[in-house]
Amino acid sequence: MHRVAGERNLDEIPSYESLLKEFIRNELLDWTYVCNTYEQELRVGTSHPATGSLSGDTEEGRSNWETLRKRVVEHNIRVIAKYYTQIRMARMAQLLSLTLEECEESLSRLVVDKMIYARFDRLDGVVSFKKPADPAELLNDWSRNIGELTSLVNKTCHLINREDMVFALAAAAK
């Protein structure tokens, strides 16, 4: 998308450029907002030959429009995965303006395609986006933390011993 955003000819189609900027931002896109703002331009098109590919008059246009809707939902799921570690499925469906079944289907598709990592607990209705830690990585972190702790203890002991020696020298000098 960033490569397309750098395209010089994109300035000739401002609505396409602004839609692209909506996708680049890491914010949720409301489908009704996209429809209200861009549908007329995208479906009817302009004099530019690149427009009109989403026309409702053709089967390809209707298919492209549905694909755009899926891409908006996928963008929103990626944004949710970026900002949440856990979310209730009902809340996620509300944010996406989808039914629970559509939300679960869209989320499953992204997980199967390995675009995001997610696990959902159907009994509790909770989706978790946090990847489980690798056991080797956990041990390395633990080892590093223990090393830092022993270093702090050694430094503290050294400072206490130094203080004792300074105090003993000061007492012997009197």
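Heads up: the structure comes first, above all this text.
What you see is a predicted model, and the numbers here were worked out from it, not measured in a lab.

Reading guide: rules and limits
- Residues numbered from 1 in each chain as written.
- Predicted model: local features only at pLDDT ≥ 70, side-chain atom pairs only at ≥ 80, totals over all residues.
- Heavy atoms only, no water.
- Helix = DSSP H or I, 4+ residues; strand = E, 2+ residues; numbered from the N terminus.
- Buried < 20%, exposed > 50% of the residue type's maximum accessible area, 1.4 Å probe, protein only.
- Contact = heavy atoms within 4.5 Å.
- Core = buried A, V, L, I, M, F, W, Y, C linked by side-chain atoms within 4.5 Å.
- Pairing = 2+ DSSP bridges.
- Axes fitted to C-alpha atoms, helices over the stretch in contact; angles between N-to-C directions.
- Salt bridge = Lys/Arg side-chain N within 4 Å of Asp/Glu carboxyl O.

S.K.: How should the side chain of histidine 75 be read in this particular structure?
M.R.: Position of histidine 75 relative to the elements: it lies in helix 4 (residues 59-83). Residue classification places histidine 75 among the buried residues on the basis of a relative accessible area of 4%. If near-sequence neighbours (up to four positions away) are discounted, histidine 75 is found in contact with Glu22, Phe23, Arg25, Glu27 and Leu29.

S.K.: Help me out: how do you make sense of the nonpolar core in this one?
M.R.: If you look at soluble globular proteins, the nonpolar side chains tend to sit buried side by side. Counting 17 residues, the largest nonpolar core has Ile77, Met92, Leu107, Ile116, Val127 and Phe129 as the members making the most contacts within it. Listed by contribution, the elements that provide at least two residues to this core are helix 4, helix 5 (89-96) and helix 6 (100-112). If we ignore the near neighbours within four places in the chain, the residues touching valine 127 are Thr85, Gln86, Ile87, Met89, Met92, Leu107, Ala118, Arg119 and Phe120. Core analysis: the next-biggest nonpolar cluster, separate from the first, contains 12 residues, Phe23, Trp31, Cys35 and Leu68 among them.

S.K.: I keep staring at the sheet that holds strand 1 (residues 86-88) and nothing clicks. Help me out?
M.R.: To summarise the sheet geometry, strands pair through backbone hydrogen bonds and adopt either a parallel or an antiparallel arrangement. Read from one edge of the open sheet, three strands run 1-3-2, paired in antiparallel fashion. A strand with exactly one partner marks an edge of an open sheet, and here the two such strands are strand 1 and strand 2 (119-121). Put simply, the sheet's adjacent strands are angled 20 degrees from each other on average, direction ignored. Where strand 1 lies against strand 3 (residues 126-128), three bridges are found, and the strand directions are antiparallel. Opposite arginine 88, over in strand 3, you have valine 126 as the bridge partner. Taken strand by strand, helix 5 contacts strand 1 and strand 3, and its axis lies near 80 degrees from that of strand 1.

S.K.: Just to check I follow, could you spell out the pattern of salt bridges for this structure?
M.R.: Two side chains that carry opposite charge are able to pair once their charged atoms sit near each other. Using the criterion set out here, one finds seven salt bridges in the structure. Note that arginine 25 and glutamate 22 form a salt bridge whose closest N and O atoms lie 3.3 Å from each other. For arginine 25, a relative accessible area of 39% translates into the label partly exposed. A salt bridge links aspartate 141 to arginine 144, with the nearest nitrogen and oxygen atoms 2.9 Å apart. Of this pair, aspartate 141 and arginine 144 both sit in helix 7 (residues 135-173), three residues apart, roughly one helical turn. Given a relative accessible area of 28%, aspartate 141 falls into the partly exposed group. Each of the salt bridges in this network shares a partner with another, and the network as a whole consists of Glu22, Arg25 and Glu27.

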